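Here is how the chains run, residue by residue.
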Amino acid sequence: MTDYRKFDPIRRKAAPLQLDLIEAYAQGRLTRRDFVRRGTVLGLSLTTLASVVAACGGSTSSNSNSAQTGVGGGGVSGGSSIKQGGTLRIASIAPANPLDPVAMIDLASYAIVAQQYEFLTYSLGDLRLTPGIAESWEPNDDGSVWTFKIRDGVMWQDGSPFSTDDVVATFERMVAAGNSGLKGVIESGSVTSPDPSTVVFTLTGPNGNLPYLVSSDNPQTVITPKAFAAGSLIDKSPNGTGPWKMTSYDAKTGASFVRNDAWWGGKTKLDSVNWTFFQDLQPQVVALQSGETDAIVEFSVLGGEGLLSDPNVHVIRLKSAAHKQIWMRVDKGQFTDKLVRQAVGYSIDRQAIVQSLFKGNADVGNDSPFAPVYPYTDTSVTQRELDIEKAKSLLSQAGVDKLTATLHAVKLQEAPDLAVLVKNSAAQAGINLNVSVEDTTTFYGKSWCPAEPADPPCSGAAEIGIVDYGHRGTPDVYLNASLSPNGAWNSAQYNSDEYAQLFKNFQAAVGVDAQKTAAKAIEELLLEDSPTLFPYFFNYLSAHTKKFAGIEVTAIGHMFLGKAGQVA
Amino acid sequence: MLRFIARRLALAIITLLLLSLIVFAISNVLPQDVGRSILGPFASQETVDAMNHKLGTDQPKLDQYLHLLKQIVTFDFGDSFQTGQPVSDLIKTTLQNSAKLAILALVITVPLGIFAGTLAALRRDTIVDRVIVMFGLAGSSLPEFVTSTFLVVLLGTQLHLLPPLANWPPGSNIFEQIHYLLLPALALVLVYFGYIARMARAGMIVALESDYTRTAMMKGISRGTVIRRHVLRNALLPTIAVVATSTGYLFGGLLAVELIFNINGLGRLLVTAAKAKDLPVLQAGVLVIGIIYMFATLIADILISWLNPRIRLGSEG
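Residues numbered from 1 in each chain as written. Chains lettered and ligands numbered in written order. Predicted model: local features only at pLDDT ≥ 70, side-chain atom pairs only at ≥ 80, totals over all residues. Heavy atoms only, no water.

**Q** Which residues make up the overall build of chain B, and what values do they have?
**A** Helix and strand counts for chain B come out as 15 helices and zero strands. With respect to the principal axes defined by its C-alpha atoms, chain B has extents near 85 × 60 × 35 Å. For chain B, buried positions account for 48% of its 317 residues. In the form shown here, chain B has an accessible surface area of approximately 15,600 Å², with 69% of it arising from carbon and sulfur atoms. (Helix = DSSP H or I, 4+ residues; strand = E, 2+ residues; numbered from the N terminus. Buried < 20%, exposed > 50% of the residue type's maximum accessible area, 1.4 Å probe, protein only. Areas by Shrake-Rupley, 256 points an atom, 1.4 Å probe, with all protein chains shown as cover.)

Right under this line is the structure:
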C-alpha cells in the first residue's frame, strides 16, 4: 500500500527520468532491488530511495543469502565490529603488463591501480552505484547531458590540489585512447567544467547508463592528474587520491601500500596492505588456507573448489555478466542457416554445464548478452533448453545430414572444458565438432578476430569458436562489438539491420520500461537468429579469512579496502 | 692446467655465440606479434603496429640479431616488454632466488647422495643397499610437481612444520630465507638424491672392483685409506659430471617447483616471458642459463682433470 502523503513530495522534486523510475516502482513494474539499482544510476540519493521504498511499504535492506550482484563486499557478519590497525595480506595473479592506467587490460592491474586512484562513481552491490570522487550526479530530461558534482576535500597524494580540470583531462585521454566503454558515447570536448565543483558530460546521444561508464566498471577511467601523460606508469611516480599510498611495487613479486592519511574518506581501519603476486591459482589457495595470506582476489571453481567449503574462509560470490560466447559464422560455412545454429543451441545442456563447470556458481544464459544480473533483462522470454530431438528436427529441416566442424577454443579458464561438453552434447544431435584448444596468441590472432582481412572486422574468423568476455556493468559493449554490423569483435559476422535498429533503440532508451522493452526485442531476435550462443554467466568468486571483514570486490577484479579491517 | 682452462674458456665463448644464434632462432620461431601480446586482443591494429615499431620487432631479422649481439656484449638487454622493468634487474633478482634454492638443494643433496651411494656400494646386496637404492629410485621417479605438492600438503598445510610457500617477509636474513626455502629444497632433494646416490654407488662399485684397488689392498694399505685415496677419487668422476649437468637445470628449469612454492625464480621468469613474447627477458634468461651450464661443466671438467690427470693430459696431448 503506497503512502501518498510521503510519496507525492518526492515525486514533485524528481527530474523526469527519476520520476519515470519512481512511478514504475510504485506501480509494481520493478522489483525493489531493480529500483534501488536503477535509482542509483539516475542519481537518486540513498535517502530518497529509502523514502520511496518506505512510502511504498518496503525496506531497502536485504537479507538474501544468494550471490550478490555485480559488485559487493564481505560485510561484518554476526554483528562483529572492525578494530583499528593491522595489515591485510592479499594473494593475486601478477599484473600482465606495466601499470599504465590508460592502456591496462588485465584484472590484476585494475586492482593495483584502483588502490591509489579513484573513480567518479563506484559500481557496488546489485549493480548499485555509489559516489566516489563525484558526490552526486543527475541527467537532463532525455539522458543526453549528465552533470556530476565533485566532492570537496579531494587531494592528490603528492600534496597538489585536486581540480575538475583533472577529471576533464582524464576523459580527454579516454577519448584519445579509444576507450571501449566510452567510444561513441563521448568525443573530444564532450566533458567540460563550468565551475570548480561541476563536470558536465554532453553525450553524442541519449544514454541511460553513463554513470556506469565512468565508474569502476570501466577500469581505465580512474581519475589521473591533468599533467598525467598517457603511457606513464603509476609505479614509477606513485600518486592518486585514494585510501592507499604505494610504498613498493615489483611486477613479479608484489606490492605494498600504507594508509593515505589525507584521504577524503577518513582514516582507514587497516594500517597497510601487502599484495603477493602468483602465476597460478593453486599456490594462492594454499597460501590462504595455510594462513600465509588473508585474502585471494579471485578464484575459479576449477582449482579453488576447496575454498567453497572451508569453514575458516568467507567466500564472496558476485553475480556477473562474465561469460563465454559460442559464435557461428552466419555469412559462410556450415552455419549460415539459422536452423543449424538453433540446432546447436538446442543441443547444449546449460544446466549440466553450470553444475559441472561451476558447481552451480553461474546463471544459465539464454543466448543473448542480457544476463540475469541486468535489471532490464526480460526473464519472461522463453528459456532455450536442451532438446536433442528438436535439434535433430531443425537439422533435418535445414537439409543437413552430416555436419563436421572444428570448434576453436581459447586455452583460458574453463573454455577448453566447455568445448568438450559442447562437443559431446552436440554429437547426440548428429553435429560432429572437433575441438581445437589454442593458446591465446593463436586463438585471438587467427581464429577469433584476425587482423586481416580488416574490413569488415573479424571477417577472417573461424566458422565456430568459443571466446571469453569479462563482466561489464551494462551489456553495451557485448551488443555493440560482438553483434553489431561492423562490430570490432563480430566474429559471427552477424549483419542484421533489424538488430542494428533494436540496439539503437536500447541505447536511446533511458526510462526503465523503455529499456526493458528494447531488451526483450533484442533477446527474442537473438534467440531466433542465434548468431552467437551465451550458455551461462558465471559468478565472480573472491575469498578472505573470517578474521577480516569489510572487503569489497567487483566482478572485474577490484578489491576495495577503504572499509576493511580485522574483526574485533 | 692453466692452458687447459684457457682452452675451455675459448671454447665457451664460441659456444656462447652459437647459443645466441640458437636463442635468436628459437625466440623467432614463436608465433610473432609482440605488440598484440602486450596490448591484448582488443587493441586496434594501428596501435599494435605502433607498439611493434617502438619495440623494434618489425625490423629485419638480421638487424634484430645484430642488436642482440650488441646487447650480449654490453650485457644491456633493455627493458622488459611485459613489465617495463630493466631486464638486468629482473635477471639479477630471479637468478639470486634460483641460486639460493639451487645451492641449498645441492648442499643437502650432494653430500647426502655421495654418502648414501658410497654406503650402498660398500654394503652391496645388503638391506642397507636395497633401502638406499629403492628409496632413491622412488624419489627420482616421481615428478617434481608431485613431490612438491605432497610436501606442501603434508609439511606445510597439515603439520605446519615449514612454510608452504617460499615468500619470506621483506628484510629477512639469510637464515630466515633458508627456513622458507627448506620445503622446496626438500622436494628437489627427494628427486636428486636417488640420482646422485645411484651414480655414486655405480662409480664406487666399478672402482672397488678395479685392479688398482685390488693392488692397493694387496700392498697392505688399510681399507679406509684405500677408499679415501684411491676409490673415491675415481668413483666420483661420473657423479661430478651428473652434478654439473644438473646445476644448470636447478638454476633455470624448476618451473613446477617455482610455481608451486611461488618462487620468483629464473624458470618462472622464462616461462612467463615466453608466454608474453617478452623477447629481451627470454633471450637474456636463456643466455644466462647457458652461461651457468658452461661454467658448471667447466668447473666439473677442472675437478675431473684434477682428480684424474690423465683426462687433462689426454686433451692437451
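Here the narrative resumes, following the displayed structure.
**Q** Report on the overall build of chain A, specifying residues and quantitative values.
**A** The helix and strand inventory of chain A stands at 17 helices and 27 strands. Oriented by its inertia axes, the alpha-carbon framework of chain A measures out at about 70 × 55 × 45 Å. Residue pairs in contact within chain A that sit at least 24 positions apart in sequence constitute 71% of those at least 6 positions apart. (Contact = heavy atoms within 4.5 Å.)

**Q** Hey, could you go over the interface of chain B and chain A for me, with residue numbers and the actual values?
**A** Each side of the interface is counted separately: chain B has 30 residues, and chain A has 25 residues. Around 2,400 Å² of area is buried between chain B and chain A when both sides are counted, 62% of it from carbon and sulfur atoms. Across the contact surface, chain B and chain A share zero salt bridges. At the surface where chain B touches chain A, the tally comes to two residue pairs in polar contact (both at pLDDT 80 or more). (Buried area = accessible area lost by both parts, 1.4 Å probe. Salt bridge = Lys/Arg side-chain N within 4 Å of Asp/Glu carboxyl O. Polar contact = N/O pair within 3.5 Å; in protein donor to acceptor, adjacent residues only side chain to side chain.)

**Q** Tell me what's going on with the packing of helix α13 (residues 266-275) of chain B against helix α14 (residues 279-307) of chain B, and back it up with residues and numbers.
**A** In a pair of packed helices, the angle between the axes and the distance between the axes together describe the arrangement. Residue and element names in this part refer to chain B. As a packed pair, α13 and α14 sit with axes 9 Å apart at the nearest point and diverge in direction by 145 degrees. Our pair here, α13 against α14, has a crossing hand that is left-handed. Only Val-281, Leu-282, Gly-285, Val-286, Val-288 and Ile-289 of α14 make contact with α13, whose side of the interface consists of Leu-266, Leu-269, Leu-270, Ala-273 and Ala-274. Across the contact of α13 with α14, the residue classes tally to 10 nonpolar, one polar and no charged. (Axes fitted to C-alpha atoms, helices over the stretch in contact; angles between N-to-C directions. Left-handed = near helix turned anticlockwise from the far one by under 90°. Nonpolar A, V, L, I, M, F, W, Y, C, P; charged D, E, K, R; others polar.)

**Q** Residues and numbers for helix α6 (residues 164-177) of chain A, please.
**A** Each α-helix winds once per 3.6 residues, and so residues spaced three or four apart point in a common direction. Residues and elements named next belong to chain A. Between its terminal C-alpha atoms α6 stretches 20 Å, which fits the 20 Å expected from 14 residues at 1.5 Å a residue. For α6, the full list of buried residues reads Thr-164, Asp-166, Val-167, Val-168, Ala-169, Thr-170, Phe-171, Arg-173 and Met-174. Contacts from the buried residues of α6 go to β8 (145-150), β9 (191-195) and β10 (198-202). Just downstream of α6, Gly-178 is the residue with a positive phi angle, here 70 degrees. (Expected span 1.5 Å × (residues − 1).)

**Q** Requested: an account of unusual backbone geometry, with residues and values cited.
**A** Residue and element names in this part refer to chain A. At the junction of Asp-455 and Pro-456, the peptide bond is cis and its omega measures out at -5 degrees in the coordinates. With respect to the helices, strands and loops of the structure, Pro-456 is situated in the loop between α14 (440-448) and β20 (464-469). Even without being a glycine, Asp-367 presents a positive backbone phi close to 60 degrees. Inspection of the secondary structure puts Asp-367 in the loop between β17 (362-364) and α12 (388-397). In the Ramachandran plot, Cys-458 falls in the positive-phi region, its phi being about 70 degrees despite a non-glycine side chain. Residue position: Cys-458 is located in the loop between α14 and β20.

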